[in-house]
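Now for the letters of each chain:
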Amino acid sequence: MEILGLLGSGLLEAIEPLNLALIFIGVTVGLWIGAMPGLGSVNGVAILLPITFLVPPGSAIIFLAAIYYGAMYGGAISSITLGIPGASTAVATTFDGRPLALQGRASLALVTAALASFVGGTVSVLLFTGFAPALASVALSFGPPEIFALMLLAFATFVGLGGDDIPKTILSICLGLVLAAVGYDEVSGAPRLILFDISGFLHGINFLVLAIGVYGIGEMLWTIDSTRGSITMSEAKLTVKGMVSDAKEATRRGWKGTTIGSLLGFFVGVLPAAGATPGSLMAYGVTKMVSRNPREFGQGHPGGVAAPEAANNSASTGSMLPMITLGIPGSPTTAILLGGMVIWGLTPGPRLFVDESEFVWGLIGSFYVSNFAALVINLAFIPLFIWMLRMPFTILAPMIFVLSVVGGYAAVRDMHDIWLMVVFGISAFFLRKFDYPLAPAVLAIVLGPIAEPTLRQSLLLSSGDPMIFLNRPVAGPITVIAVILILLPLFKVIRNKMRGQKMAA
Amino acid sequence: MTFTRRFVMAASAAAIGLASFGATAFAWEPVKPVDFVIMAGAGGGADQIARFIQSTAEKNKLTSRPLVPNNKGGGSGAEALIHLNKTNDPDHTILVTLNSFFTTPLRQENLGIDVMTFTPVAMMGVDPFVLWVHKDTGITSFEQWLDAVKAKDGEWVMGGTGTGQEDSLVTTFLKQTFGLKMKYIPYKGGGDVAKDLAGQQINSSVNNPSEAKGFYASGDVVPLVAFSDERLPAFPDVPTIKEKGYDFSYYNQRAVVGAPGQSAEAAAYYQELFETIYNTPEWQGYMESESLAPLWMNPDEQKAYWQLQIDRHKELLAKMDQ
């Protein structure tokens, strides 16, 4: 009951006029930052951090958290309308959002994204309010072996992602892992795979460069090739009645994805080192796996939009948990927020909940309010985004190209990345011609940098004994499930063969 | 009469003040946003300091053009050093450094970087290192720690930020001086090390106070010994390794440097700017709360200090390879 009292006062603080105004401004700004390809919540929060001195710390963090939230909603917009992930957290949203838009159902995708985000955000805030301290100790109990087991599970869910061609999926994963290894080796501290001695590879290959290359430029080439440039984007109509029926369909076909995304996203977000991007990719994989019609995923299934969107919002709240309870960032954006707390004169760490209870509960209260504000603002903007889609492809294509280039540059501000992105885009086009799935490569470049160091740390801990992944109480079960999932397709193949033999006999 | 005399004196003082102010403030000023390069990724200790400096400058309106943080942490900071080395606008490019400023060019000679060509700006402070254990180990002194490590015979797990990084040099010192055998698990940053010590995934760590102090405040981790010249004000009961009779201290530098080839006017501008920032109550408060030690130096002293550190790190790295 004490929690309810604290939450009540937190909510009251969040709806003070200044804070309420900041929430609305923050969510709107975040929405646009998130919608710009390449610019995500990290950039938004980092850019606006210095101006937060004008208000007290409690309001400052509410403002930045609102930007974070808004960006999570906004990322879906360009993923759906343009096919370019607006932020790394929204890559999985392109998988089904883009096909829906091409079928003239962009409004269904956008409504699904908004509703799923709202549910994901709300579920995670409720979990946050109820179980923050307990979950903090869960986060601490996750050492390198546990994180690696979790990454293994993520890969396992994705073996099924590339359709039925498992060898091609595995090849795509390997390609992504090699790209993820470029840069520098954390264990020995030495540069590694600096291809052609180009210094641009020293900072590794940014995940967004690959994602924008594949989904922005590659997709554009694909559309030009398959339609010979003669199309306009399909007619997208929008009426209030249409939006209501979209909302109904989103609920009917997206509830499963939303549920999975909300819970999985929150849990993955809570773990330091993971964050919203792996969370949304995993949610997509799991939703597809448990779906009765997995073949519809990738062709425009609302569940494929709902899962990653629910997950990335849920994970963004989740990643605030280790930040507030332990002073550890759960995602790149919360790392910046932590820096902000130091600047405002607070001491992040395990004592914050006790010493600065007003600050913490004001922030938690603002999550509820921000979430609601984001839903309303997002739904209000949908007609504008649909209007954008009605532009002829001859105008849209150059726009996508410009946005891709700007987005690829924004991440690290290095021209090298733009050339690399173009190379990725062209390669992606040809790989797609040969039916290679590309999503697994994108997944691998996100998870590789988490999986590799944790694998090596674990093996250093155990002096090279792989049993460390099986004989620890948390890592063990996760590893077993992951291995079963990886072997499942193999069993299916064998069973089908045997059945085929019986039929023949 | 006295009134007039006082007035004249005040007026002339003001005039002198204005003149000197004018001379320094308008000799050179940035004409576009300053590329404020950080030798580490977003969210780490160096990044936090850079953003704190930036926001202090912003808050007090100290610069006519903004400092734009630019994280280039790749290759242990090699990326940042290359970026400064080849910039075509050295007057608008400055770098926040760690000790990888010294170690990276030594460890990666093929980069062709000579840090002595860089432009000294300001030494904002030095970050001490402390040896930490989890409270559940029951260890409360350095001697007990030595016994515990020896008893584990190679199974003791030390966490750090990677071979060749600052804390690994301290760990190497401990291993070689006391004949210890232990595992060394590398992490991405000091914050990750602190978290895994609090979660007891590792047995001990060598961390900056700023990285571990949250878990220290909650009582999860215990400081055993400081590798500083004197006891740290925030940890008055923690002895230094020098008190134990070993002449060793190690700090991580938190310094700002300019790109090679920076003009004297631009360098003078940044030196004055960072001196102003250094003296703000914000920075002084930050140094105190994060246990940074002051080590203010003029540009010539900074260069001499660099040479000293290069020589010292050559030695330390050679020992590590043994």
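Residues numbered from 1 in each chain as written. Chains lettered and ligands numbered in written order. Predicted model: local features only at pLDDT ≥ 70, side-chain atom pairs only at ≥ 80, totals over all residues. Heavy atoms only, no water.

(A) Representation of the overall build of chain B within the structure. Secondary structure summary: chain B contains 11 helices and 10 strands in total. The C-alpha radius of gyration computed for chain B amounts to 22 Å, which stays within 12% of the reference 20 Å derived for 322 residues, consistent with globular compactness. The buried share among the 322 residues of chain B stands at 56%. Carbon together with sulfur atoms contributes 54% to the accessible area of chain B, which is approximately 13200 Å² in total. Here chain B carries 27 positive and 37 negative side-chain charges, and the mean point of each set is 2 Å from the other. (Helix = DSSP H or I, 4+ residues; strand = E, 2+ residues; numbered from the N terminus. Rg over C-alpha atoms; globule rule 2.2 N^0.38 Å. Buried < 20%, exposed > 50% of the residue type's maximum accessible area, 1.4 Å probe, protein only. Areas by Shrake-Rupley, 256 points an atom, 1.4 Å probe, with all protein chains shown as cover. Lys, Arg positive; Asp, Glu negative; His and termini not counted. Charge placed at Lys NZ, Arg CZ, Asp CG, Glu CD.)

(B) Seen up close, the overall build of chain A. Scanning chain A from N- to C-terminus turns up 20 helices and two strands. Taking 23 Å as the expected radius of gyration for a compact globule of 505 residues, we find that chain A reaches 22 Å, a close match to that expectation. Summarising its shape, the C-alpha atoms of chain A cover approximately 70 × 60 × 55 Å along the three principal directions. By residue count, 59% of the 505 residues in chain A fall in the buried class. Taking as baseline every contact in chain A between residues at least 6 positions apart, the subset at least 24 positions apart corresponds to 79%. Separation of charge centres in chain A, based on 26 positive and 25 negative side chains, amounts to 15 Å. (Contact = heavy atoms within 4.5 Å.)

(C) Representation of the sheet that holds strand β1 (residues 34-38) of chain B within the structure. Residues and elements named next belong to chain B. On the basis of which strands lie adjacent, the open sheet formed by five strands has the order β2-β1-β3-β10-β4 and mixed pairing. Every interior strand has two partners, whereas the edge strands, β2 (67-71) and β4 (119-128), have only one. Averaged over all pairs of adjacent strands, the angle between strand axes in this sheet comes to 20 degrees, irrespective of strand direction. Strand direction decides the pairing type here: β1 and strand β3 (residues 93-97), joined by four bridges, are parallel. Along β3, the bridge assignment pairs Val37 with Leu95. (Pairing = 2+ DSSP bridges. Axes fitted to C-alpha atoms, helices over the stretch in contact; angles between N-to-C directions.)

(D) A look at a nonpolar patch on the surface. All names here are of chain A. On the surface, Met467, Leu470, Val480, Val483, Ile484, Ile486, Leu487, Leu488, Leu490, Phe491, Ile494 and Met498 cluster together into a nonpolar patch covering about 1000 Å² of accessible area. The topology assignment puts Leu488 in helix α20 (residues 475-504). Residue classification places Leu488 among the partly exposed residues on the basis of a relative accessible area of 36%. (Patch = residues over 30% accessible without salt bridge, like charges linked within 9 Å, V, L, I, M, F, W, Y side chains within 5 Å. Salt bridge = Lys/Arg side-chain N within 4 Å of Asp/Glu carboxyl O.)

(E) Quick peek at the nonpolar core. Residues and elements named next belong to chain B. Ranked by internal contacts, the top residues of the largest apolar core, which has 217 residues, are Phe101, Tyr270, Phe274 and Trp283. Apart from the residues lying within four places of it in its own chain, the contact partners of Tyr270 are Trp28, Val34, Asp91, His92, Ile94, Val121 and Gln262. With 28 residues, the next largest nonpolar core counts Phe129, Leu146, Trp156 and Val225 among its residues. (Core = buried A, V, L, I, M, F, W, Y, C linked by side-chain atoms within 4.5 Å.)

(F) How the structure looks around the confidence of the model for chain A. On average, residues of chain A score 83 in pLDDT, and 95% of them reach the 70 mark or higher. Looking across chain A, the model is least confident in strand β2 (residues 191-192) of chain A, with a mean pLDDT of 77, and most confident in helix α12 (residues 302-318) of chain A, with 91. (pLDDT = per-residue confidence, 0-100.)

(G) Inspection of the pairing of β3(B) at higher detail. Residues and elements named next belong to chain B. Among the five residues of β3, five are classified as buried, and the element is accordingly described as predominantly covered. The alternating pattern of β3 places Thr93, Leu95 and Thr97 on one face and Ile94 and Val96 on the opposite face, and all of these are buried. Both β3 and strand β10 (residues 251-258) contribute to a ladder of four bridges, which runs antiparallel. Within β10, the residue paired with Thr97 across the bridge is Ala255.

(H) Seen up close, the interface of chain A and chain B. Taken together, the 40 residues of chain A in the interface contact 45 residues of chain B. Contact between chain A and chain B buries roughly 3400 Å² in total, counting both sides, with carbon and sulfur atoms accounting for 61%. Applying the counting rule to chain A against chain B returns zero salt bridges. Taken together, the elements giving at least two residues each to the side of chain A that touches chain B come down to α6 (106-141), α7 (144-159), α14 (332-343) and α19 (439-461) of chain A. For the side of chain A that touches chain B, the element with the highest residue contribution is α14(A), accounting for five residues. A breakdown of the residues in the side of chain A that touches chain B according to their chemical character gives 23 nonpolar, 12 polar and five charged. (Buried area = accessible area lost by both parts, 1.4 Å probe. Nonpolar A, V, L, I, M, F, W, Y, C, P; charged D, E, K, R; others polar.)

(I) The arrangement of the domain arrangement of chain B in detail. Residues and elements named next belong to chain B. Here chain B is partitioned into domain 1 (31-127 + 251-320) and domain 2 (130-226). On a C-alpha basis, the centres of domain 1 and domain 2 stand 27 Å from each other. Interface area, domain 1 with domain 2, both sides summed: about 1200 Å², of which 50% is carbon and sulfur. Of all residues in domain 1, the largest losses of buried area upon contact with domain 2 belong to Asp127, Glu290 and Met320, amounting jointly to 37% of the total for that side. One can count one salt bridge joining domain 1 with domain 2. (Domains from an automatic or database assignment.)

(J) Here's a closer look at the packing of α14(A) against helix α2 (residues 45-59) of chain B. At their nearest, the axes of α14(A) and α2(B) sit 10 Å apart, and the two run at 50 degrees to each other. Compared by their axis directions, α14(A) and α2(B) come out oblique. The crossing of α14(A) and α2(B) is right-handed. In contact with Ile336(A), Gly339(A), Val342(A) and Ile343(A) of α14(A), α2(B) contributes Gln48(B), Arg51(B), Phe52(B) and Ser55(B). Residue composition of the contact of α14(A) with α2(B), by class: four nonpolar, three polar and one charged. (Parallel < 35°, antiparallel > 145°, perpendicular 65-115°, else oblique. Left-handed = near helix turned anticlockwise from the far one by under 90°.)

(K) Spotlight on the pattern of salt bridges. Counted by the stated rule, this structure contains 23 salt bridges over all chains. A salt bridge links Glu452(A) to Arg192(A), with the shortest nitrogen-to-oxygen separation between them at 2.9 Å. In this pair, Glu452(A) sits in helix α19 while Arg192(A) sits in strand β2, placing the two residues 260 residues apart along the sequence. With relative accessibility at 25%, the residue Glu452(A) sits in the partly exposed group. Across the salt bridge formed by Lys135(B) and Asp136(B), the nearest N and O atoms sit 3.9 Å from each other. When its relative accessible area of 41% is taken as the criterion, Lys135(B) is described as partly exposed. Several salt bridges share partner residues, and in doing so they unite Arg105(A), Glu249(A), Arg253(A) and Glu296(A) into one network.

(L) Inspection of the environment of His203(A) at higher detail. All names here are of chain A. By the element assignment, His203 lies in the loop between β2 and α9 (207-227). The exposure class assigned to His203 is buried, which follows from its relative accessible area of 18%. It is 30 Å that separates the C-alpha atoms of His203 and Ala397, two residues lying 194 residues apart in sequence.

(M) Focus on the sheet that holds strand β8 (residues 204-207) of chain B. All names here are of chain B. Here we have five strands laid out as an open sheet, ordered β7-β6-β8-β5-β9, and mixed in their pairing. On the outer flanks of this sheet lie β7 (183-186) and β9 (221-226), each paired with one strand and no other. Adjacent strand axes in the sheet meet at a mean angle of 30 degrees, parallel and antiparallel pairs treated alike. Sitting on the sheet, helix α7 (residues 190-198) touches β5 (130-134), β6 (157-160), β8 and β9, and the angle it makes with β8 is about 150 degrees.

(N) Up close: the packing of helix α6 (residues 166-178) of chain B against helix α11 (residues 299-320) of chain B. All names here are of chain B. Between α6 and α11, the least distance of the axes is 10 Å, while the angle of their chain directions is 60 degrees. It follows that α6 is oblique to α11 by the angle criterion. Along this stretch, α6 crosses α11, giving a crossing that reads as left-handed. Within the contact between the two elements, α6 uses Ser168, Leu169, Thr172 and Gln176 and α11 uses His313, Leu316, Leu317, Lys319 and Met320. Taken together, the residues of the contact of α6 with α11 break down into four nonpolar, four polar and one charged.

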